[in-house]
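# Secondary and tertiary structure notes
Below, each chain spelled out in residue letters.
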Amino acid sequence: MSTAPGPYDSGRERDRDEEGRARNQRPRDGLGRPLPYGTDGVARQPEGVVRTPEESVAEAQALLDAGRPFHAHEVFEDAWKSGPPAERDLWKGLAQLAVGLTHAARGNTKGGARLLLRGAGAVAGWRGGPDGLERPYGIDLTELVRWAEGLAGLLEREGAAVDAAAHAPRLRGGASG
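Residues numbered from 1 in each chain as written. Predicted model: local features only at pLDDT ≥ 70, side-chain atom pairs only at ≥ 80, totals over all residues. Heavy atoms only, no water.

## Points about the overall build of the protein chain
Secondary structure summary: the protein chain contains five helices and zero strands in total. For the protein chain, contacts bridging at least 24 residues in sequence account for 55% of all contacts bridging at least 6. Element-wise, carbon and sulfur atoms account for 49% of the exposed surface of the protein chain, whose accessible area totals about 9,500 Å². (Helix = DSSP H or I, 4+ residues; strand = E, 2+ residues; numbered from the N terminus. Contact = heavy atoms within 4.5 Å. Areas by Shrake-Rupley, 256 points an atom, 1.4 Å probe, with all protein chains shown as cover.)

Right, here's the structure in full:
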């Protein structure tokens, strides 16, 4: 058995988190793209944080407003993993919307549009969910779907990267990008 590094092996030990799980520790930019080791990056969103739904929405909105949709997706992912099973599709759809905006801002307009529409379908399908909530935790699902479809249309027409902060949705309604 060879111990020589393979073509994809940088010769580095695999990065691990405090619990010993494999986790890339490379610094990241504001859109979650990896930067070279030793470069100053944006602070990473902690993983596995259990928040109330209201805290999740507020934290994600602050990150979206700051032009950090990749980090907002991590907040939504924590909510979908830690929340009640009946709400998983809602949180997963919100995470897909944030990743769609991330791709759109990175210049992957086709992938961004596709994820925005998938996320819009998920949250639209959740509307009126198990307890009949049209505005779960104050989230204006109708307006959010409208935002996602509009941004997907813009991406398909123009095919150019967008500014994540300028096009961030307002989760609880109001003006959106």
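Anyway, onward from the coordinates.
## What to know about a positive patch on the surface
A cluster of basic side chains, namely Lys92, Lys110, Arg114 and Arg118, defines a positive patch on the protein surface. When residues of the positive patch are assigned to their parent elements, the largest contribution, three residues, is made by helix H4 (residues 109–126). Residue placement: Lys92 occurs in helix H3 (residues 88–106). (Patch = residues over 30% accessible without salt bridge, like charges linked within 9 Å, V, L, I, M, F, W, Y side chains within 5 Å. Salt bridge = Lys/Arg side-chain N within 4 Å of Asp/Glu carboxyl O. Lys, Arg positive; Asp, Glu negative; His and termini not counted. Charge placed at Lys NZ, Arg CZ, Asp CG, Glu CD.)

## Some remarks on the packing of H4 against helix H5 (residues 141–158)
Contact geometry for H4 and H5: axes closest at 9 Å, N-to-C directions at 160 degrees. Between H4 and H5, the interaxial angle falls into the category roughly antiparallel. The way H4 lies across H5 gives a crossing that is left-handed. Judged by residue contacts, Thr109, Gly112, Ala113, Leu116, Leu117, Ala120, Val123, Ala124 and Trp126 of H4 engage Leu141, Val145, Trp147, Ala148, Glu149, Leu151, Ala152, Leu155 and Glu156 from H5. (Axes fitted to C-alpha atoms, helices over the stretch in contact; angles between N-to-C directions. Parallel < 35°, antiparallel > 145°, perpendicular 65-115°, else oblique. Left-handed = near helix turned anticlockwise from the far one by under 90°.)

## A look at the packing of aromatic side chains
Scanning the entire structure with this criterion turns up two aromatic pairs. Seen in terms of ring centroids, Phe76 and Trp91 are 6.2 Å apart; in terms of plane orientation they differ by 35 degrees. Their pairing is tilted. Here Trp91 lies in helix H3 and Phe76 lies in helix H2 (residues 69–82), a separation of 15 residues in the sequence. The buried category is assigned to Trp91, whose relative accessible area is 1%. A ring pair is formed by Trp91 and Tyr137, whose centres lie 6.0 Å apart and whose planes are at 25 degrees; its orientation type is stacked. With a gap of 46 residues between them, Trp91 in helix H3 and Tyr137 in the loop between H4 and H5 connect regions that are remote in the sequence. Ring pairing ties together the aromatic residues Phe76, Trp91 and Tyr137, which thus form one cluster. (Phe/Tyr/Trp six-rings, centres within 6.5 Å; stacked < 30°, edge-to-face > 60°. Buried < 20%, exposed > 50% of the residue type's maximum accessible area, 1.4 Å probe, protein only.)

## Overview of the nonpolar core
In terms of nonpolar packing, the biggest core is built from 37 residues, with Phe76, Leu94, Leu97, Leu116, Trp147 and Leu151 touching the most fellow members. Counting residues per element, the ones that place at least two in this core are helix H1 (53–65), H2, H3, H4 and H5. (Core = buried A, V, L, I, M, F, W, Y, C linked by side-chain atoms within 4.5 Å.)

## Considerations on the environment of Trp80
As for its position among the elements, Trp80 is in helix H2. Residues Trp80 and Pro53, spaced 27 residues apart in sequence, show a C-alpha to C-alpha distance of 9.9 Å. Residues in contact with Trp80, not counting those within four places in the same chain, are Arg88, Trp91, Lys92 and Ala95.

## Section: the confidence of the model for the protein chain
With 81% of its residues at a pLDDT of 70 or more, the protein chain has an overall mean of 85. Contacts from residues 1–9, a stretch scored under 50 in pLDDT, to residues over four places away or in other chains number zero contacts. (pLDDT = per-residue confidence, 0-100.)

## What about H3?
Between its first and last C-alpha, H3 extends 27 Å over 19 residues, near the 27 Å set by a 1.5 Å rise per residue. In terms of burial, H3 is largely enclosed, as 14 of its 19 residues are buried. Backbone geometry just after H3 places Gly107 at a positive phi near 100 degrees. (Expected span 1.5 Å × (residues − 1).)

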